[in-house]
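Summary of structural features
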Amino acid sequence: MLLALSAPTLLISTTNAANILKVTGLRLDSGGATRTIDATQAFTVGVGGYFVIAANQPNGLYRASFDLTADYQ
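Residues numbered from 1 in each chain as written. Predicted model: local features only at pLDDT ≥ 70, side-chain atom pairs only at ≥ 80, totals over all residues. Heavy atoms only, no water.

**Considerations on the overall build of the chain**
For the record, the criterion: Helical segments are the DSSP runs of H or I of at least four residues, strand segments are the runs of E of at least two, and each set is numbered from the N terminus. Based on C-alpha atoms, the radius of gyration is set beside the globule rule, defined as 2.2 Å times the residue count to the power 0.38. Residue burial is assigned from relative accessible area. The probe radius is 1.4 Å, only protein chains are included, and a residue is buried under 20% of its type maximum, exposed over 50%, and partly exposed in between. Residue contacts are counted whenever heavy atoms from the two residues lie within 4.5 Å of one another.
Counting its regular elements, the chain contains 0 helices and 6 strands. Along the chain, helices (α) and strands (β) appear in the sequence β-β-β-β-β-β when read from the amino end. Taking 11 Å as the expected radius of gyration for a compact globule of 73 residues, we find that the chain reaches 15 Å, considerably beyond that expectation. Of all 73 residues assigned to the chain, the portion counted as buried reaches 18%. If you take every contact in the chain between residues at least 6 apart in sequence, the share linking residues at least 24 apart comes to 63%.

**Re a nonpolar patch on the surface**
Note the cut-off: Note on patches: the residues involved have over 30% relative accessible area and no salt bridge, like charges join within 9 Å, and the nonpolar side chains Val, Leu, Ile, Met, Phe, Trp and Tyr join within 5 Å. Areas reported here follow the Shrake-Rupley algorithm with a probe of radius 1.4 Å; residue values treat only the protein chains shown as occluding. By definition, a salt bridge exists where a carboxyl oxygen of Asp or Glu is found within 4 Å of a side-chain nitrogen of Lys or Arg.
A cluster of nonpolar residues, L10, I12 and I20, forms a patch on the protein surface that exposes about 200 Å² of accessible area. Relative to the helices and strands, L10 resides in strand β2 (residues 10-13). A relative accessible area of 34% places L10 in the partly exposed class.

**Some points on the sheet that holds strand β4 (residues 47-52)**
Going by this rule: One requirement defines pairing of two strands: DSSP has to find at least two bridges between them.
Judged by pairing direction, the sheet is antiparallel, and its 4 strands sit side by side in the order β4-β3-β2-β5 without closing on themselves. Each of the sheet's edge strands pairs with one partner strand only, and the pair in question is β4 and β5 (62-63). Pairing geometry for β2 and β5, over 2 bridges, is antiparallel. By the bridge assignment for β5, I12 is matched with R63.

**Focus: unusual backbone geometry**
Of note, Q41 is a non-glycine position whose phi angle comes to about 65°, a positive value. Mapped onto the secondary structure, Q41 falls in the loop between β3 (20-28) and β4. By relative accessible area, which is 61% here, Q41 ends up exposed.

**Details of the environment of L28**
If you trace the backbone, L28 turns up in strand β3. Of the residues examined, L28 reaches a relative accessible area of 14% and is grouped as buried. Taking the C-alpha atoms as reference points, L28 and L2, 26 residues apart in sequence, are found 12 Å from one another.

**Digging into the environment of V23**
You can see V23 is positioned in strand β3. Classification of V23 by relative accessible area gives buried; the value is 9%. In this structure, the C-alpha to C-alpha distance between V23 and Y62, residues 39 residues apart in sequence, is 11 Å. Beyond its immediate chain neighbours, meaning those up to four positions away, V23 contacts P8, T9, L10, L11, Y50 and F51.

**Observations concerning the confidence of the model for the chain**
Defined as follows: Predictor confidence is given residue by residue as pLDDT, running from a minimum of 0 to a maximum of 100.
Averaged over all residues, the pLDDT of the chain is 89; the fraction at 70 or higher stands at 100%. The secondary-structure element of the chain with the lowest mean pLDDT is β2, recorded at 89, while β5 shows the highest, at 93.

Written as structure tokens, this is what we have:
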């Protein structure tokens, strides 16, 4: 199976939509973009991100959605 990850461009504050963080990239865990599904038909994928945080960035919870597509071959 091949995995494709589409990163958002911004994280938006859950308390004030004017507060944003720029997303510079997302990355799959050390398993990379190719996975083998075991006998239980299950697999785990970890996703990490890179963000630009300004010195005066307001504290808070920031969220965004991203797409992870699995292509079963």
